[in-house]
Amino acid sequence: MSKVYVFDHPLIQHKLTYIRDINTGTKEFRELVDEVATLMAFEITRDLPLEDKTIETPVTKMTSKILSGKKIGIVPILRAGIGMVEGVLKLIPAAKVGHIGLYRDPETLEPVEYYAKLPADVAEREFIVVDPMLATGGSAIEAINSLKKRGAVNIKFMCLIAAPEGVQALQDAHNDVDVYIAALDDKLDEHGYIVPGLGDAGDRLFGTK
Ligand code: URA
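Just so it is clear, the structure is predicted and the values come from calculations on it, not from any experiment.

Topic: the overall build of the protein chain
For step 1, the next point in the chain: The number of helices and strands found in the protein chain is 6 helices and 13 strands.
For step 2, the next point in the chain: Computed over its C-alpha atoms, the radius of gyration of the protein chain comes to 18 Å, within 12% of the 17 Å expected for a compact globule of 209 residues.
For step 3, the next point in the chain: Overall, the protein chain is about 65 × 40 × 30 Å in size when its C-alpha atoms are taken along their principal axes.
For step 4, the next point in the chain: The buried share of the protein chain, taken over its 209 residues, is 45%.
For step 5, the next point in the chain: A sequence separation of at least 24 residues applies to 64% of the contacts in the protein chain between residues at least 6 apart.
For step 6, the next point in the chain: Carbon together with sulfur atoms contributes 53% to the accessible area of the protein chain, which is approximately 11,000 Å² in total.

So, in structure tokens, the structure goes:
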């Protein structure tokens, strides 16, 4: 079974409170999502492999550590996932960015892919799929299906707020994908919104209704 990590770092929790607040406007919301994405990226990259490098300090020679050049791919689920990309890139500037777009079929209510553009070397990359909200899990499951179909084998999922229903569905569908979240909320309401949540993440990021 995959693991679920809830990041309870005080800075993440503080910023998340303002992200949730209905009185936080678009500009501040966007900035805060960006900042939390950076802080989460710091935590999510804890297990990146290191290798030795011999260098000379002004005092002496030493063997120190550098990242061993693991290739990372960031994949936002359109459109709200875009709000988390720059924040992650601040810490992993060499990462490549793929995009996956999904819409909900009005009859089946199932997510359907309408866009997918990924880095060429899919099988060699570790992917971080980002979307601020994990609600029913439908979009995350389909985005990860799409990545796997194209050869991805190493995938993490990162979001700000998750509903228990979404976490369960994602773990059931992809038990090899660890889930990284800033908060695990109570439930989904009858419209599929996370409660207490933050409303519609895409609308709040882009100032639409
Ligand atoms: N997507 C959102 O943007 N908000 C929710 O609460 C659920 C899904």
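Read on for the rest.
Notes on the site of the ligand
For step 1, the next point in the chain: Taken together, Met133, Ala135, Gly192, Tyr193, Ile194, Gly199, Asp200 and Ala201 make up the full set of residues near the ligand.
For step 2, the next point in the chain: Between an oxygen atom of the ligand and a main-chain N or O atom of isoleucine 194, the distance comes to 2.8 Å.
For step 3, the next point in the chain: One nitrogen or oxygen atom from the main chain of glycine 199 is found 2.7 Å from a nitrogen atom belonging to the ligand.
For step 4, the next point in the chain: A total of 240 Å² of accessible area belongs to the ligand in isolation, and the protein chains cover 80% of it.
For step 5, the next point in the chain: Along the lines of polarity and charge, the residues of the shell around the ligand split into 5 nonpolar, 2 polar and 1 charged.

Concerning the UniProt feature "binding site: 5-phospho-alpha-D-ribose 1-diphosphate" (unreviewed entry) in the protein chain
For step 1, the next point in the chain: When the UniProt feature table is mapped onto this chain numbering, "binding site: 5-phospho-alpha-D-ribose 1-diphosphate" (unreviewed entry) sits at Arg79, Arg104, Asp131, Pro132, Met133, Leu134, Ala135, Thr136, Gly137, Gly138, Ser139 and Asp200.
For step 2, the next point in the chain: Relative to the helices and strands, aspartate 131 is located in the loop between strand S8 (126–130) and strand S9 (133–134).
For step 3, the next point in the chain: Residue classification places aspartate 131 among the buried residues on the basis of a relative accessible area of 11%.
For step 4, the next point in the chain: Residues within four places of aspartate 131 in sequence aside, it is in contact with Ile77, Ala80, Gly81, Met84, Phe157, Met158, Cys159 and Leu160.
For step 5, the next point in the chain: Looking at where serine 139 falls in the secondary structure, it is placed in helix H4 (residues 138–149).
For step 6, the next point in the chain: Taking the relative accessible area as the measure of exposure, serine 139 reaches 32% and is therefore partly exposed.
For step 7, the next point in the chain: Ignoring anything within four residues of it in the chain, the contact list for serine 139 reads Ile77, Leu102 and Pro111.

Overview of the packing of aromatic side chains
In this description, an aromatic ring pair is defined by two values, namely the gap between the centres and the angle between the planes.
For step 1, the next point in the chain: The tally for this structure, following the rule as stated, stands at 3 aromatic pairs.
For step 2, the next point in the chain: When the centroid spacing of 5.9 Å and the interplanar angle of 35° are considered together, the rings of phenylalanine 7 and tyrosine 180 count as tilted. A residue pair is termed long-range when its members are at least 10 positions apart, and phenylalanine 7 in the loop between strand S1 (4–6) and helix H1 (10–20) and tyrosine 180 in strand S11 (residues 178–184) qualify at 173 residues. No difference in accessibility class separates phenylalanine 7 from tyrosine 180, as the two residues are buried.
For step 3, the next point in the chain: Ring geometry for tyrosine 103 versus tyrosine 114: centroids 6.5 Å apart, planes at 35°, classification tilted. Of this pair, tyrosine 103 sits in strand S6 (residues 99–104) while tyrosine 114 sits in strand S7 (residues 111–117), and the two are 11 residues apart along the sequence.
For step 4, the next point in the chain: Assessed through its relative accessible area of 48%, tyrosine 114 is described here as partly exposed.
For step 5, the next point in the chain: These aromatic residues form a ring-pair network of at least three members: Tyr5, Phe7 and Tyr180.

Notes on the nonpolar core
For step 1, the next point in the chain: Core analysis: the biggest nonpolar cluster contains 38 residues, and Ile19, Met40, Met158 and Leu160 have the highest contact counts within it.
For step 2, the next point in the chain: Of all the secondary structure elements, the ones that give two or more residues to this core are H1, helix H2 (26–44), strand S4 (72–78), helix H3 (85–91), S8, strand S10 (154–162), S11 and helix H6 (201–206).
For step 3, the next point in the chain: Take this core: its biggest share by element is 8 residues, from H2.
For step 4, the next point in the chain: Apart from the residues lying within four places of it in its own chain, the contact partners of methionine 40 are Phe7, Ile12, Met158, Cys159, Leu160, Tyr180, Ile181 and Ala182.

About the criteria used
- Chains are numbered independently. Their residues run from 1 in the order of the written sequence.
- Given that this is a predicted model, residues contribute local features only at a pLDDT of at least 70 and side-chain atom pairs are listed and counted only at 80 or more, while totals for whole chains, interfaces and linings are drawn from all residues.
- Excluding hydrogens and water, the side-chain values take into account all heavy atoms of the structure.
- Helix and strand assignments come from DSSP, with helices taken as H or I runs of at least 4 residues and strands as E runs of at least 2, each series counted from the N terminus.
- The size measure is the radius of gyration over C-alpha atoms, and the globule rule it meets is 2.2 Å times the number of residues to the 0.38 power.
- Under the scheme applied here, a residue whose accessible area is under 20% of the maximum for its type counts as buried, over 50% as exposed, and between as partly exposed, the area being computed with a 1.4 Å probe on protein chains only.
- Contacts between residues were defined by any pair of non-hydrogen atoms, one from each residue, lying within 4.5 Å.
- Computed with the Shrake-Rupley method and a 1.4 Å probe, the accessible areas treat only the protein chains shown as cover for residues.
- One heavy atom within 4 Å of a molecule or strand is enough for the residue carrying it to be called near that molecule or strand.
- Contacts described as polar in this section are N or O atom pairs within 3.5 Å, which, within protein, must combine one atom able to donate a hydrogen with one able to accept it, while residues neighboring in sequence count only if both atoms come from side chains.
- For this scheme, ten residues count as nonpolar: Ala, Val, Leu, Ile, Met, Phe, Trp, Tyr, Cys and Pro. Four count as charged, namely Asp, Glu, Lys and Arg, and the remainder, Gly too, count as polar.
- UniProt positions are given in the numbering used here, feature names are shortened, and annotations may be inferred rather than shown by experiment.
- Only the six-membered ring of Trp is used, alongside the rings of Phe and Tyr, when aromatic pairs are assigned; centres must lie within 6.5 Å, and planes under 30 degrees apart are stacked while those over 60 apart are edge-to-face, with the rest tilted.
- Working definition of a nonpolar core: buried Ala, Val, Leu, Ile, Met, Phe, Trp, Tyr and Cys residues. They are joined through side-chain atoms within 4.5 Å.

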